[in-house]
Amino acid sequence: MAYEPLHVDREGRIIEELPCSACGHSLRGQSAGAACPGCGETIALSTLGRAVCRVDERGLLDESLRCSTCGYDLRGIDPAGACPECHVPVGQSLEGNLLRYGDPRWTKKVGDGMLLYVIAISLAILLGIGAALLRIFIKDAAVIALVTIVAQVVSGIFSIVALWWATAPDPDTPLTAQNRMGANIARLCVIPAIVGGGAIGAATPFATSQQGQLIAMMLQVPVGLLNLAVAIGLLLHLRELARRVVDEKLANWARTILWLNVIGAVLGIGALVIIVSASAVTGLPLPSPGQQPAGAMLGAGIASGALGCLGILLSIIATIWMIVLLFKLRKYFPAASRAASARETFRTAGR
Ligand SMILES: [Zn+2]
Ligand SMILES: [Zn+2]
């Protein structure tokens, strides 16, 4: 199978016959980044990561494209042809690193990793709610600590395996160190984040003194930052993957979610700093549910609560969007794995 760049005109409209993969509706004349007018499915799913190449009336490249081998500017060259300097096919420069040419075992693993990560997030949320409910009914600190540790270990193992698969390096087209940065950040931070979160969750029930509570609260800041780093790393990597299936919309969306996460975390940390420093300065106890806080703590409590609620709200939105993003991006991977398998079979048969 040769390279199959998708030909579009100057305005970005598809100028070849292309049926929608979901409903069969002809996509000729549609913008490559739009949705199918027949069924509303995104057109990128029908082109499955074919690189978009802008051609003029004669069918020659109408954009600046550096040859990936020698750097020659390929403008004005037939996209089905080869570089005049080094004779490497233009297709290699257009879409040599795209998902549809990836190792099918790798694409399957990455797709499975994304699904597992969605399960891991859902599991962590369910276990968190379960642990909070348990705290209402059971007052024994040792039991709460034990349950917290078990819940953290279970959801932690899920998250680590999921993250490792979703960020698995492509054996054929290794990313540059810079483009691989997100994957490395996420992998580096996930284990300390889970271990730290579990340790604090297990120790907090024993912290009964005013000072112990303060320390437990402040220790949540580094763990929160580690979790933020995991989310940022994963989102940076998802953006790279979205670029490889050529879905710029998803790539931009990953960036939006990344900033939502950052703002949510900054607000959360701000809320924590306000209440803890107010307590440290005044020497008054931290406000606890059901108790009227002392005068000086009331203002700090309201400010901190408002910031904290906003931060939590943004983080919840970011988490839901992250799950939707993972689902949308994941759709490409089984299809890419099939396309790549078919190509391998074709190649073996042709030999
Ligand atoms: Zn359709
Ligand atoms: Zn060249």
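Residues numbered from 1 in each chain as written. Chains lettered and ligands numbered in written order. Predicted model: local features only at pLDDT ≥ 70, side-chain atom pairs only at ≥ 80, totals over all residues. Heavy atoms only, no water.

Orientation of helix 4 (residues 141–166) relative to helix 5 (residues 181–203), taken along the N-to-C sense of each, is 170°, at an axis distance of 8 Å. Between helix 4 and helix 5, the interaxial angle falls into the category roughly antiparallel. Along the contact surface, helix 4 presents A145, T148, I149, Q152, G156, S159, I160, L163 and W164, while helix 5 presents A186, R187, V190, I191, I194, G197, G198, G201 and A202. Class assignment for the residues of the contact of helix 4 with helix 5 results in 10 nonpolar, 7 polar and 1 charged. (Axes fitted to C-alpha atoms, helices over the stretch in contact; angles between N-to-C directions. Helix = DSSP H or I, 4+ residues; strand = E, 2+ residues; numbered from the N terminus. Parallel < 35°, antiparallel > 145°, perpendicular 65-115°, else oblique. Contact = heavy atoms within 4.5 Å. Nonpolar A, V, L, I, M, F, W, Y, C, P; charged D, E, K, R; others polar.)

Here we come to the coordination of the zinc ion (ligand 2). At this site the zinc ion (ligand 2) is bound by C67 (SG), C70 (SG), C83 (SG) and C86 (SG), with donor distances of 2.2 to 2.3 Å. One can describe the donor arrangement at the zinc ion (ligand 2) as tetrahedral, given that its 4 donor atoms subtend angles of 104 to 116° at the metal. On the primary sequence, the residues serving as donors to the zinc ion (ligand 2) are separated as C-x2-C-x12-C-x2-C. Residue C70 is found in the loop between strand 2 (52–54) and helix 2 (90–95), and its partner C86 is found in the loop between strand 2 and helix 2; the two are separated by 16 residues along the sequence. (Donors = N, O, S within 2.8 Å, 3.2 Å for Na, K, Ca; no water. Tetrahedral: all angles 85-135°; square planar, octahedral: opposite > 155°, others 65-115°.)

The next subject is the domain arrangement of the protein. Here the domain parsing of the protein yields domain 1 (1–101) and domain 2 (102–326). Here domain 1 and domain 2 have C-alpha centroids that lie 39 Å from each other. (Domains from an automatic or database assignment.)

Here the focus is the coordination of the zinc ion (ligand 1). Taken together, C20 (SG), C23 (SG), C36 (SG) and C39 (SG) make up the full set of protein donors to the zinc ion (ligand 1), lying 2.3 Å away. One can describe the donor arrangement at the zinc ion (ligand 1) as tetrahedral, given that its 4 donor atoms subtend angles of 104 to 112° at the metal. On the primary sequence, the residues serving as donors to the zinc ion (ligand 1) are separated as C-x2-C-x12-C-x2-C. A residue pair is termed long-range when its members are at least 10 positions apart, and C23 in the loop between strand 1 (6–8) and helix 1 (44–47) and C36 in the loop between strand 1 and helix 1 qualify at 13 residues. Relative accessible area serves as the criterion here: at 40%, C23 is assigned to the partly exposed category. For C36, a relative accessible area of 4% puts it in the buried group. (Buried < 20%, exposed > 50% of the residue type's maximum accessible area, 1.4 Å probe, protein only.)

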